[in-house]
Amino acid sequence: MWQNCTSMKITSSPTQPTTLTCPACGLLCDDVLLTTASPVAVKVACAKSVTFFEQTYSADNPSFGIPSVAGQTTDLNTAIKAATDILRKSNQPLFAGLGTEVQGMRSLMRLAEKTGATLDHMHSEGTVRNTLALQNSGWQTTTLTEVKNRADVILAIGTDIVSSHPRFFEKLVWNTESLFNKPVPEVIYLAAPLNASGENTQAGISPAGTQPMVIPAATEQLPEIINALNALANGKNLNIDNIAGVALSSLQTILEKLKAAQYAVVVWSASNLKFAHAELTVQSITQLIAKLNETNRVAGLPLNSGDGDTSVNNTSTWLSGYPTRNRFTNVKSGGKPEYDAYYFSTKQQLENCDALLWVSTFNAHQPPPDTGAPTIVIGHPNMQFTRAPDVFIPVGIPALDHTGTMFRLDSAVALPLKKLRDSNLPSLSQVTQKILDILSC
Amino acid sequence: MLTLLKNGKIYDPARGKDGVIQDIYIRDGRIVNKPSDTEKISRTYDLAGKVVMAGAIDMHSHIGGGKINIARMMLPEFQETRKYSEPEAHICTPNCSHDATPNTTDTGFRYIEMGYTAAFEPAIMPINARQAHLEMADTPMIDKGGYAMLGSDDYFLRMLAAKKDQKSINDYVAWILHATQAIGIKVVNPGGISAFKFNQRKLDLDENHSYYHISPREILKSLSTAVHELGIAKPLHVHCNNLGAAGNFETTLNTMGASDGLPMHLTHIQFHSYGTEGDKKFSSAAAQISEALNKNKHITADVGQILFGQTVTASGDSMMQHLNAKHANPKKSVIMDIECDAGCGVVPFKYRDQNYVNALQWAIGLEIFLSAEDPWRIFLTTDHPNGAPFTSYPHLIRLLMDKSFRNEAFAKLNLDAQAMSNLTSIDREYSLYEIAIMTRAGAANLVGLHDRGHLGVGGGADITVYTDQLDREAMFSKPDYVFKDGELVVKDGKVVKVTWGATHTAKPAFDISVEKDLKDYFDKYHTIQLDNFKISDDEISNDGRGSVIVHENKQPSH
Ligand code: SF4
Ligand SMILES: [Zn+2]
């Protein structure tokens, strides 16, 4: 399966595919070009993608790809055994981080079923806000190819889109070819967090130089602002000039543009809505969309946060019946899944768990949270720690060291990830399977 | 290793066997001839008095892909309803489960525990096919497969609008079958899912799509011809226009003529058999539909029976589901436009026996079942989970086989609905042989599984053994034994061994040059590469559990 050694070797894969699927954000661009495999170099990629593919081997990190137990380097089998011991002793393990793809999540679910673990993703705050809105009222949404070919108005609420999804405008808004000869889209930013120079909305300037409509407001004011938009959409008269500093006339303009559009798309990023009961604001956005669809065509596009959150949410749902933040009980009789979007959060469970398994295979810079409980990290080979976990098992990076499958932010599309090089790093699934094997005997 | 099933009462319509006592020998997963006396038999099951049938095949059940996963996410409360009995569902028995959205493991387990050994996902959106196969790969015990949805995808609509020749359409359809690892082609509200994206809210059979200026009839003609000329077994699977709308039976009758006599399968026909008579302007058109079904030999249909209780409707028909969303119970729904490929609508629904419309829907489904003269052309489905969860099949079988049970249930319905149905005037009771046709031999024939659905020599040894009981619901809920590919996997209604099943596909020959134009289309308009649209065999088999079976490219006969 893999070599059990204490040094890291990377050789390039003999077959070099030319196009790659980039897992570095929820757009999952699969047009990224591999120029050389050793070292990995890419083009047609954004800076985020270049960082993901190219900063994956670091010669100045002597412990790159090397397992450790209690901070001391060791071999893989010893590390796996130490991790198994921790899980065997644990009654309430927490599997968190979950930075992985479909196959990795499948294996973690099997291990969770066996050990009675609680599962939560590192970016679940945003996921859960959307899920709660979905569970309260449902929604009407669209997907990337529809945006590319139909959207003539893009309303971005509380997000600049590009900070989290860099190639959104390049690929889906300013495309010159579209199926139905749609006009160049109008872009509206409502309460997008603006950086000092305002340059984060530059992606919304059309190639011909048309400026986007930028309506500044603090993100925390969105509940009031969206409620007002809903009131206007329902034909209510609001006898005020402004809401939370936003002129009522601006909101009227937004509404008119949404109604005049052939196909308007409303984009939000739930992870940006960092205030209490933000799920109600998501719900308010989806209600606005539902109202407009009585007569027009408008669709929502919820952004995700990355590190495999959409893949993990989907895989969890079909395997257990429940989306992110669930756990298994009744381990002896096969494992019964339970769901609690609040109580099974990492934050809540860190206080109760007696072991933490932290997973981050895409990202070297997502360390585990501090906890008194014994901590196992299965992660990116370039992870470095200020406080060493009890066990560190470096594993292959999906889309570099092994194949896999990932879901795009719209959940409609799942794409295969390629393997670019031969490393002697095991995959997360292989490590998890090995732990399961030891636990079963 | 040789296994002997001894003295069972065999119901094998594919071989004309109606309750004959016969032995079955199994070797290496296959049914074999009686071996020579010198050969050692490793295991013998004495099945004296037991009913033996091939494993059942569900030819239409939403078991994999985005829609059901959306339903699971939206309705976590359903997971608590596994053994739930609701007051208004008083027709149900303890065997009924109301888990409309089981996880993949439960899906496989519940199917095999009822003696089903295969199920087909009828609405694989080509762009979402990878997810459908991922979910089906995680569904244990049973074989699976699916029908790829076409007819609202812009690539096809552009071809049709540009009057591309039939050969080009055929090549595209075949390419889709390969790329999505499907065994059949489905069309949902022909053209309507696309029309909804252009803000059209209704599309009749002869009405034009506002952008492409083509009608559903043209779409049906083109796709049914393609499927026929490619020679795959499964006829075009048709979800008609106007799903669920009062008066839609006329659309359904006209749709039967849209293929000019080429085979078509009209799915969940119960939902398309509504008239507009009576005070409530909603009535049964089962008589008209049944008459036409009996007459039109090129048409097959599955019923899509509703049963009372909580469920969720999950359909590719975003246009009609958007309209139905106002009846959502609980009040929430998901409507999606997807990838210039299709769409979906997920709307939870609670069928109540005291609701006039629901009660009549229940009666309409049964009227259709009981009026079908040819059991080879009608199939037992609830359109899981749209009419009811598949776990209610044993209950449905009893309704078909037991007239007094059926009439007792009918007597509890909404009184106005009772007045509008002639169900109690129908005396027919299905026989075990006819049930075996509907759920085994006919289904295998329809989908094109030549080595399943029968107990003849050479067949795959998917076999279900029941105790003959007067209570047919109890009987079909809990088989004594189920063999999957020759292995004993269920004993006394409980799984004793976990297996994973295979994926059935059809891969007719086609001209690969079709990819040239497709590549150009993908590069210009899509958001993924053409190569990533295609699902390789490895993706299905590389976890070591799944495998792909390719079925021969020819029409079956019985
Ligand atoms: S936009 Fe996202 S998916 Fe595309 S290349 Fe950049 S990081 Fe990768
Ligand atoms: Zn269906």
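Note that the structure is a prediction, hence the values are computed from the model and not measured.

Conventions and cut-offs
Residues numbered from 1 in each chain as written. Chains lettered and ligands numbered in written order. Predicted model: local features only at pLDDT ≥ 70, side-chain atom pairs only at ≥ 80, totals over all residues. Heavy atoms only, no water. Helix = DSSP H or I, 4+ residues; strand = E, 2+ residues; numbered from the N terminus. Rg over C-alpha atoms; globule rule 2.2 N^0.38 Å. Buried < 20%, exposed > 50% of the residue type's maximum accessible area, 1.4 Å probe, protein only. Contact = heavy atoms within 4.5 Å. Areas by Shrake-Rupley, 256 points an atom, 1.4 Å probe, with all protein chains shown as cover. Pairing = 2+ DSSP bridges. Domains from an automatic or database assignment. Core = buried A, V, L, I, M, F, W, Y, C linked by side-chain atoms within 4.5 Å. Expected span 1.5 Å × (residues − 1). Axes fitted to C-alpha atoms, helices over the stretch in contact; angles between N-to-C directions. Parallel < 35°, antiparallel > 145°, perpendicular 65-115°, else oblique. Left-handed = near helix turned anticlockwise from the far one by under 90°. Near = heavy atom within 4 Å. Nonpolar A, V, L, I, M, F, W, Y, C, P; charged D, E, K, R; others polar. Buried area = accessible area lost by both parts, 1.4 Å probe. Salt bridge = Lys/Arg side-chain N within 4 Å of Asp/Glu carboxyl O. Polar contact = N/O pair within 3.5 Å; in protein donor to acceptor, adjacent residues only side chain to side chain.

Peer 1: I'm lost on the overall build of chain B in this one. Help?
Peer 2: A tally of helices and strands in chain B yields 19 helices and 24 strands. For 558 residues, the compact-globule estimate of 2.2 N^0.38 gives 24 Å, and chain B sits close to it at 22 Å. Dimensions of chain B, computed from C-alpha atoms along their principal axes, come out at roughly 70 × 60 × 45 Å. The burial tally for chain B puts 68% of its 558 residues in the buried class. For chain B, the share of sequence-separated contacts (at least 6 apart) that also reach a separation of at least 24 residues comes to 77%. On chain B, roughly 17700 Å² of surface is accessible, and the fraction owed to carbon and sulfur atoms is 50%.

Peer 1: Where do I start with the overall build of chain A in this structure?
Peer 2: Along the backbone of chain A there are twelve helices and 24 strands. Dimensions of chain A along its principal axes, counting C-alpha atoms only, are 70 × 50 × 35 Å. Scored against the burial criterion, the 441 residues of chain A give a buried share of 63%. For chain A, the proportion of contacts with a sequence separation of at least 24, taken over those separated by at least 6, is 66%.

Peer 1: What's the story with unusual backbone geometry in this structure? I'm lost.
Peer 2: A negative phi angle characterises most non-glycine residues, just as the trans form characterises most peptide bonds. Residue and element names in this part refer to chain B. In this chain, N329 is followed by P330 through a cis amide linkage whose omega measures -5°. Tracing the backbone through its elements, the reader meets P330 in the loop between α10 (318-324) and β16 (333-338). With an omega of -5°, the peptide bond running from H384 to P385 counts as cis. Along the chain, P385 turns up in the loop between β18 (378-379) and α12 (393-401). One non-glycine residue, M141, adopts positive backbone phi at about 75°. With respect to the helices and strands, M141 occurs in the loop between α3 (129-137) and β8 (143-150). M141 sits in the buried class, given a relative accessible area of 0%. The phi dihedral of K281 is positive, around 55°, even though this residue is not glycine. Within the secondary structure, K281 is located in the loop between β12 (274-275) and β13 (283-284). Assessed through its relative accessible area of 55%, K281 is described here as exposed.

Peer 1: What is the right way to read the pairing of strand β9 (residues 184-188) of chain B from this model?
Peer 2: Each regular strand displays side chains that alternate between the two surfaces of the sheet. Residue and element names in this part refer to chain B. By the criterion of burial, β9 is predominantly enclosed, with five of the five residues buried. Burial along β9 is two-sided: G184, K186 and V188 facing one way and I185 and V187 facing the other are all buried. As paired elements, β9 and strand β10 (residues 236-239) share three bridges and run parallel to each other. In the sheet register, K186 faces β10, and the bridge partner there is H237.

Peer 1: It is not clear to me how the domain arrangement of chain A should be interpreted in this structure. Could you clarify?
Peer 2: Bring the parts together and some accessible area is lost; that lost area is often taken as the interface size. The domains assigned to chain A are domain 1 (3-53), domain 2 (68-123 + 307-440) and domain 3 (127-302). Put simply, the middle of domain 1 of chain A and the middle of domain 2 of chain A, counted by C-alpha atoms, are 22 Å apart.

Peer 1: Mind showing me how you'd approach the nonpolar core here?
Peer 2: Side chains of a nonpolar character, in soluble globular proteins, are inclined to be buried together. Among the nonpolar cores identified, the biggest contains 251 residues, and F53 of chain A together with W362 of chain B are the most heavily contacted of them. For this core, the element with the highest residue contribution is helix α15 (residues 432-447) of chain B, accounting for eleven residues. If near-sequence neighbours (up to four positions away) are discounted, W362 of chain B is found in contact with Q305, I306, L307, F308, L399, R406, A409, F410, L413 and L423 of chain B. With 37 residues, the next largest nonpolar core counts V102, W318, L319 and L428 of chain A among its residues.

Peer 1: Can you help me understand helix α17 (residues 514-525) of chain B in this one?
Peer 2: For the α-helix, the turn length of 3.6 residues means that residues three or four positions removed from each other point alike. For α17 of chain B, with twelve residues, the first-to-last C-alpha span of 17 Å sits near the 16 Å given by 1.5 Å per residue. Lining the buried residues of α17 of chain B we find α5 (144-150) of chain A together with α4 (154-161), α5 (166-180) and α18 (530-533) of chain B.

Peer 1: Help me out: how do you make sense of the packing of helix α7 (residues 222-233) of chain A against helix α9 (residues 278-292) of chain A in this one?
Peer 2: Pairs of packed helices are described in terms of their axes, by the angle between the two and the distance that separates them. Residues and elements named next belong to chain A. Running from N to C, α7 and α9 cross one another at 20°; their axes reach a closest spacing of 9 Å. Our classification of the angle between α7 and α9 gives roughly parallel. The element α7 and its partner α9 pack so that their crossing is left-handed. Seen from α7, the contacting residues are L222, P223, I226, N227, L229, N230 and A233; seen from α9, they are T281, S284, I285, Q287, L288 and K291.

Peer 1: What exactly am I supposed to notice about the site of ligand 1 here?
Peer 2: All residues in the neighbourhood of ligand 1 are listed as C22, A24, C25, L27, L28, C29, C46, K48, S49, P166 and R167 of chain A. For the shell around ligand 1, the residue count by class is eight nonpolar, one polar and two charged.

Peer 1: It is not clear to me how the interface of chain B and chain A should be interpreted in this structure. Could you clarify?
Peer 2: Across the contact, 50 residues belong to chain B and 59 residues belong to chain A. Between chain B and chain A the total buried area reaches about 4600 Å² when both faces are included, carbon and sulfur atoms providing 50% of it. It is M73, Y525 and T527 of chain B in chain B that bury the most area against chain A; as a group they hold 14% of the surface buried on that side. Here chain B and chain A share five salt bridges between them. A salt bridge links K197 of chain B to E146 of chain A; the nearest nitrogen and oxygen atoms lie 2.5 Å apart. Viewed at the interface, chain A and chain B are joined by 36 residue pairs in polar contact (both at pLDDT 80 or more). Of all the elements in the fold, those that place two or more residues in the side of chain B that touches chain A are α1 (66-74), α2 (104-113), α3, α4, α6 (192-197), β16 and α17 of chain B. With six residues, β16 of chain B is the largest single contributor of residues to the side of chain B that touches chain A. Here the side of chain B that touches chain A is built from residues that sort into 19 nonpolar, 14 polar and 17 charged.

Peer 1: Help me understand the sheet that holds strand β6 (residues 72-73) of chain A, please; the structure alone is not making it clear to me.
Peer 2: Adjacent strands of a sheet pair through backbone hydrogen bonds, lying either parallel or antiparallel. All names here are of chain A. The nine strands are arranged β6-β5-β21-β20-β19-β7-β8-β17-β18 in an open sheet whose pairing can be described as mixed. Edge strands, defined here as strands with exactly one partner in the open sheet, are β6 and β18 (336-339). Direction of pairing for strand β8 (residues 118-119) relative to strand β17 (residues 326-329): antiparallel, over a ladder of two bridges. Following the sheet pairing, L119 is matched in β17 by N326. Running over the sheet, helix α2 (residues 76-89) touches β5 (68-69), β7 (93-99), β19 (355-360), β20 (375-379) and β21 (391-394) and is turned about 130° from β21.

Peer 1: Looking at this structure, how should I read the pattern of salt bridges?
Peer 2: Any two side chains of opposite charge can pair, so long as their charged atoms come close to each other. As enumerated under the stated definition, the model contains 57 salt bridges over all chains in all. Between D337 of chain B and R297 of chain A there is a salt bridge; the shortest N-O distance is 2.7 Å. One end of the pair, D337 of chain B, is in strand β16; the other, R297 of chain A, is in the loop between α9 and β16 (298-303), on a second chain. Given the relative accessible area of 0%, D337 of chain B is considered buried. You can call R297 of chain A buried: its relative accessible area is 1%.

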